[in-house]
Amino acid sequence: ALLVDLGVASSTSGFAIGIEMSEVLEPLATFCRDHELPWDDEKARRFDAFLGLLQKFNKSMNLIGPMSDAKVVETLFVDSVSAAAVVEPRASILDVGSGAGLPGLPLAILYPELPVTLVEPRQKRTQFLTIATNRLGLENVVIVRARIEDVEPAQYGYVISKAFQPPAQWVE
C-alpha cells in the first residue's frame, strides 16, 4: 500500500454550476489537466457542489474554518488530489481522519470506479460526510464512524490522510 501524508442551488443535473464557479474551479481543472488526472464536466459539477456544501455546512459546523471559495479550491481541493499526481490510485482508497472529507471526497470524485473508505470518529463530521456523499451521488464511498485503531483490518491500495498524525505514528 502507498502511504501519503498531505501535511446551493441545483440545476437539472442536481448540481449547481455557473460562470463564477467554473472560474473558481479553474486552478483545480488546470492542475488535473497538467498532471493527466481525470477531469470532465461531471467532475467539475461535483466539485462545484462539494464546494457549496462545504461552505454551507462550514457556517454551522466549522468544518474548514473561514475561507473564500477560491482559497478552498486552491489550498484544499488541489492539495487533496496532489497525491494522485505522484502515484495514481488504482485500487481501494482509505482516508484516515477524513474530517470534512479531505482528501477522500475529492479523490472519490476523480476516481468514481474506486472504492473509497472515509474513517472519521466525530459524529457531526460523519453526518456531513453522509450528506455530502449522498448529494454528490458518490456510490463508491463508505463512511466509517470510528477511530482508526477500532477499524477492522482490511487491504487498501492507497492510504491517505490530511492533518491526522505523522505517518510513522498512525501506521503502528
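Coordinates for the structure precede this section.
If you're wondering where the values come from, they're calculated on a predicted model, not measured in any experiment.

Engineer: For this particular structure, what's the right way to read the pattern of salt bridges?
Structural biologist: Charged atoms that come close allow side chains of opposite charge to pair. By the definition in use, this model includes seven salt bridges. With a shortest N-O distance of 3.9 Å, D40 and K43 are connected by a salt bridge. Ionic pairing is found between R46 and E42, a salt bridge with its closest N-O pair at 3.8 Å. Of this pair, R46 and E42 both sit in helix α2 (residues 41-61), four residues apart, which is roughly one turn of that helix.

Engineer: Looking at this structure, I do not really get the side chain of E120. What am I missing?
Structural biologist: The topology assignment puts E120 in the loop between β3 (116-119) and α5 (123-136). A polar contact is formed between the side chain of E120 and the side chain of R122, at a distance of 2.7 Å. Once residues lying within four places of it in the same chain are set aside, the contact partners of E120 are G97, S98, G99, R125, T126, L129, V144, R145 and A146.

Engineer: Help me out: how do you make sense of the nonpolar core in this one?
Structural biologist: Across soluble globular proteins, you tend to see nonpolar side chains buried next to one another. By size, the foremost hydrophobic cluster in this structure holds 44 residues, and its most contacted members are F50, L54, F77 and F128. If you list the elements that add at least two residues to this core, you get α1 (19-34), α2, α3 (69-86), α4 (104-110), β3, α5 and β5 (158-161). Those residues in contact with F128 that lie beyond four places of it in its chain are F50, L53, L54, F57, M61, L63 and A100. Core analysis: the second largest hydrophobic core is formed by seven residues, L94, V96, V151 and Y156 among them.

Engineer: Which parts of the structure should I look at to understand the packing of α2 against α3?
Structural biologist: The relative placement of two packed helices comes down to the angle between their axes together with the axis-to-axis distance. Following both chains from N to C, one finds α2 and α3 inclined at 120°, their axes separated by 11 Å at the closest point. As for how α2 packs across α3, the hand of that crossing is right-handed. On the side of α2, the interface is formed by F47, F50, L51, L54 and Q55, while α3 contributes D69, V72, V73, F77 and V81. Classifying every residue of the contact of α2 with α3 gives eight nonpolar, one polar and one charged.

Engineer: Teacher, can you tell me more about the packing of α2 against α5 here?
Structural biologist: Where α2 meets α5, the closest approach of the two axes is 10 Å, and the angle between their N-to-C directions is 150°. The angle between α2 and α5 falls in the class roughly antiparallel. In this structure, the crossing between α2 and α5 has a hand that is right-handed. Contacts from R46, A49, F50, L53, L54, K56, F57 and M61 in α2 reach K124, R125, F128, I131, A132, R135 and L136 in α5.

Engineer: Explain α5 here, please?
Structural biologist: One turn of the α-helix equals 3.6 residues, which is why residues spaced by three or four share an orientation. The terminal C-alpha atoms of α5, which comprises 14 residues, lie 20 Å apart, in line with the 20 Å expected from a rise of 1.5 Å per residue. Residues R125, T126, F128, L129, A132, T133 and L136 constitute the buried set of α5. All buried residues of α5 lie within an arc of 155° about the axis, which places them on one face of the element. Where α5 terminates, the next one or two residues include G137, which has phi positive at roughly 65°.

Conventions and cut-offs
Residues numbered from 1 in each chain as written. Predicted model: local features only at pLDDT ≥ 70, side-chain atom pairs only at ≥ 80, totals over all residues. Heavy atoms only, no water. Salt bridge = Lys/Arg side-chain N within 4 Å of Asp/Glu carboxyl O. Helix = DSSP H or I, 4+ residues; strand = E, 2+ residues; numbered from the N terminus. Polar contact = N/O pair within 3.5 Å; in protein donor to acceptor, adjacent residues only side chain to side chain. Contact = heavy atoms within 4.5 Å. Core = buried A, V, L, I, M, F, W, Y, C linked by side-chain atoms within 4.5 Å. Buried < 20%, exposed > 50% of the residue type's maximum accessible area, 1.4 Å probe, protein only. Axes fitted to C-alpha atoms, helices over the stretch in contact; angles between N-to-C directions. Left-handed = near helix turned anticlockwise from the far one by under 90°. Nonpolar A, V, L, I, M, F, W, Y, C, P; charged D, E, K, R; others polar. Parallel < 35°, antiparallel > 145°, perpendicular 65-115°, else oblique. Expected span 1.5 Å × (residues − 1). Arc of directions from axis to C-beta.

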